Amino acid sequence: MLKPNTNQKLTLQELIAALYQSRIISTKQQQQMLAAPLSRDDQDKHPLILIAAQNFRSITRPAYELTLEQLTKWLAAECGQPYFRVDPLKTDVAEITRLVSQAYASKLQILPVEINAYELTVATCEPWITHWEHELARISQRQIKRVIINPRDVTRYLIEFYGVSKTIMGAVSDTATRSLNEIQNFESLVEVGRIEPDANDRHIVSLVDWLLQFAFEQRASDIHLEPRREQGKVRFRIDGVLHQVHEFPIKLMGAITSRLKTLGRMDVTDKRRPQDGRVKTLTPNGTEVEMRLSTMPTTFGEKLVLRIFDPDMLMKSLHELGFTKHDHTCWQGLIANPHGILLVTGPTGSGKTTTLYSTLKQIARPDINVCTIEDPIELVDPHFNQMQVQPQLDIGFATGVRTLLRQDPDVIMVGEIRDRETAEVAVQAALTGHRVLSSLHTNNAPATIIRLLDLGTQPYLISATLLGIIAQRLLRTLCPLCKTKTNLDRQAWADLVYPYKTRAPKTVYTSRGCDDCRGTGYQGRIGIYETLVIDNPIRRLITRSAELEEIQQAASKQGMRSLALSGAQKVADGYTSLEEVYATLATHRDEEDT
């Protein structure tokens with residue numbers, strides 16, 4: 001172990017020597033690091049950063065990369081102090097920045113990370129410097145718990161946490177100097193000074209920029225801005241699960257919403273009606289990202305949701321989205337047809353748009369005219385001719401399809417079939433020799449046929465035009481860093497694949513949860529699919545308006561693999577856990593039973 005050196009900083013030489021004595025680096029690596037010249041800038045850097053910059057691998061079995069995070073874990077173990085990884089989503093920024101000033105934390109290069117009534121957890125990258133502990137315990141009136149973190153995180157979060165806190169205080173302070181009163185929601189109290197800041201105020205601009213960058217960094221798919229009586233909540237949806245990120249004073253929430261509405265070219269003055277907009281921006285690494293904005297009036301003001309669309313998803317093949325070989329073969333055969341209707345179904349947020357866009361991207365060629373009518377246009381693509389639904393101009397899905405039919409299209413994509421009129425014009429388009437792709441909200445593929453009948457579409461028209469249906473869901477995938485083998489619950493497996501006789505896998509996985517996945521055990525998502533090809537037996541059932549159970553039985557005989565079976569395949573392939581498949585399909589099964 002490293003020898004304690006009270007109130008002295010770590011040196012490069014002692015860390016290299018300790019790594020060598022721990023048999024983590026070789027003699028050659030030790031000599032190479034000691035011989036490397038240090039620039040003036042390097043002399044100010046923490047020694048762990050300099051060691052990590054060598055990009056060495058350990059000489060242990062198994063070997064691992066000596067990244068800054070791995071070296072920090074090693075340092076914590078060597079010093080006998082707890083290792084800590086900062087999760088901004090779980091940090092009460094407002095409370096820790098209120099208790100410990102930025103000047104004090106920056107001077108000592110410490111970062112308060114957790115707080116409760118009795119204890120203040122403080123992170124540092126210098127394990128032997130302890131002179132501040134007694135003073136901070138007195139100031140905070142709490143016991144101090146010391147933890148070791150990545151030295152880059154100390155610098156980064158000192159700027160980020162205190163920068164956000166200072167920006168909020170600045171915006172509130174600027175607002176308090178105004179003399180106008182404004183009622184900003186249905187339950188506002190008329191208070192002197194309760195003014196919404198200017199959306200173009202430098203503090204608000206900074207807060208919005210930080211919020212967007214933070215969302216990109218955390219892989220969020222949605223940002224929720226939710227006003228409440230005193231505080232506005234900010235939540236991110238990550239891998240399908242909502243996480244609370246921050247709370248803003250309510251007077252700032254309205255200004256942040258107004259700033260985003262301005263960026264989305266929405267009517268900032270109209271807060272009584274729902275609105276939609278879009279923003280195109282750049283991530284910190286230079287990638288273009290599109291966001292869809294949607295507002296909704298609530299009791300305490302406007303709620304705003306930003307849906308973030310990852311452009312890389314469009315570049316993925318159907319196999320990368322999660323299509324099995326069977327589903328891929330079926331879908332490729334269906335989209336090769338020159339005319340007819342193809343439907344993608346599933347609940348909101350199940351990846352229908354991604355599947356439709358990926359399919360269109362595959363179909364689009366210079367000799368084909370691909371046109372879409374959407375509400376709203378979710379991803380702008382130069383290969384398609386895209387039209388937006390605009391109810392205020394009497395342009396709906398049905399009207400849009402009629403317009404597209406006069407544009408000499410080969411392929412038409414209708415964002416969603418919501419009513420009888422849209423279903424009928426989609427059928428007419430297919431009858432006149434066009435390929436039509438669209439989406440519906442149904443539980444599974446066979447139920448889509450019943451839904452079309454409920455909308456009032458004639459059975460013989462459905463039978464004549466419908467080519468196939470694909471139903472889908474998204475499953476969270478296991479975190480690769482904490483994924484471990486586990487024993488299979490054979491009864492649960494049998495219940496999942498029933499009535500199919502599918503052999504149980506020899507190996508299945510679960511996950512413990514780690515810092516990288518925030519203890520959830522999952523990182524990323526993958527699709528599961530249920531593909532129904534409309535063949536002659538099913539066409540005959542449609543023509544006579546058969547019951548759902550008959551259609552499901554015919555689909556199973558035809559070879560359709562259910563969502564549950566697709567989920568079981570993902571478990572067998574090691575992508576996800578049995579528990580995740582059950583959790584994702586539980587609502588679906590309950591709705592079917594009902």
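Refer to the preceding data block for the structure.
Residues numbered from 1 in each chain as written. Predicted model: local features only at pLDDT ≥ 70, side-chain atom pairs only at ≥ 80, totals over all residues. Heavy atoms only, no water.

Caption draft 1: Molecular detail of the packing of aromatic side chains. Under the defined criterion, the tally for this structure stands at five aromatic pairs. Ring pairing ties together the aromatic residues Trp-210, Phe-214 and Phe-236, which thus form one cluster. Sitting over the face of the ring of Tyr-509, Lys-483 holds its NZ or CZ atom 4.8 Å from the ring centroid. (Phe/Tyr/Trp six-rings, centres within 6.5 Å; stacked < 30°, edge-to-face > 60°. Lys NZ or Arg CZ within 6 Å of the ring centre and 35° of its normal.)

Caption draft 2: Just the sheet that holds strand S12 (residues 385-388), in detail. Taken in spatial order, the seven strands of this open sheet run S12-S11-S13-S14-S10-S15-S18, and their pairing is mixed. Strand pairing shows two members of the sheet lacking a second neighbour, S12 and strand S18 (522-533), which therefore form its edges. When the angles between neighbouring strand axes are averaged without regard to direction, this sheet yields 20°. Relative to S18, strand S15 (residues 466-478) is paired through 10 bridges, and the arrangement is antiparallel. The partner of Ile-470 across the bridge, within S18, is Thr-531. The strands touched by helix H13 (residues 325-335) are strand S10 (340-345), strand S14 (435-440), S15 and S18; relative to S18, the strand with the most contacts, the crossing angle is about 55°. Where helix H17 (residues 445-454) meets the sheet, it contacts S10, S14, S15 and S18, and its direction lies at approximately 130° from that of S15. (Pairing = 2+ DSSP bridges. Helix = DSSP H or I, 4+ residues; strand = E, 2+ residues; numbered from the N terminus. Axes fitted to C-alpha atoms, helices over the stretch in contact; angles between N-to-C directions. Contact = heavy atoms within 4.5 Å.)

Caption draft 3: The arrangement of the pairing of strand S6 (residues 241-249) in detail. Both strand S5 (residues 231-238) and S6 contribute to a ladder of eight bridges, which runs antiparallel. Bridging from a neighbouring strand, Lys-233 pairs with Glu-247 of S6. Hairpin connection between S5 and S6: a loop of two residues separates the two successive antiparallel strands, and Asp-239 in this loop has a positive phi of roughly 55°.

Caption draft 4: Inspection of the packing of H13 against helix H14 (residues 352-363) at higher detail. Running from N to C, H13 and H14 cross one another at 55°; their axes reach a closest spacing of 11 Å. Viewed along their axes, H13 and H14 adopt a mutual orientation that is oblique. Along this stretch, H13 crosses H14, giving a crossing that reads as right-handed. Of the residues in H14, those in contact with Trp-331, Gln-332 and Ile-335 of H13 are Thr-359, Gln-362 and Ile-363. Grouping the constituent residues of the contact of H13 with H14 by class yields three nonpolar, three polar and no charged. (Parallel < 35°, antiparallel > 145°, perpendicular 65-115°, else oblique. Left-handed = near helix turned anticlockwise from the far one by under 90°. Nonpolar A, V, L, I, M, F, W, Y, C, P; charged D, E, K, R; others polar.)

Caption draft 5: Expanded view of the pattern of salt bridges. By the definition in use, this model includes 21 salt bridges. A salt bridge links Glu-217 to Arg-156, with the nearest nitrogen and oxygen atoms 2.0 Å apart. With a gap of 61 residues between them, Glu-217 in helix H10 (residues 202-217) and Arg-156 in helix H9 (residues 151-176) connect regions that are remote in the sequence. Close ionic contact of Arg-228 with Glu-226 constitutes a salt bridge, the shortest N to O distance being 3.7 Å. Accessibility expressed as a relative area gives 36% for Arg-228, which makes it partly exposed. Overlapping salt bridges, with partners in common, bring together Arg-156, Glu-160 and Glu-217 in one network. (Salt bridge = Lys/Arg side-chain N within 4 Å of Asp/Glu carboxyl O. Buried < 20%, exposed > 50% of the residue type's maximum accessible area, 1.4 Å probe, protein only.)

Caption draft 6: Main features of the nonpolar core. One finds Leu-343, Ile-449, Leu-466, Ile-469, Leu-532, Ile-534 and Ile-538 to be the most contacted residues of the largest nonpolar core, which totals 40 residues. With six residues, the top contributor of residues to this core is helix H16 (residues 420-431). Not counting the four nearest positions on each side in its chain, Leu-532 is found in contact with Ala-445, Pro-446, Ile-449, Leu-467, Gly-468, Ile-469, Ile-538, Ala-555, Gln-558 and Met-560. Core analysis: the second largest hydrophobic core is formed by 34 residues, Phe-216, Leu-225, Val-245 and Leu-260 among them. (Core = buried A, V, L, I, M, F, W, Y, C linked by side-chain atoms within 4.5 Å.)

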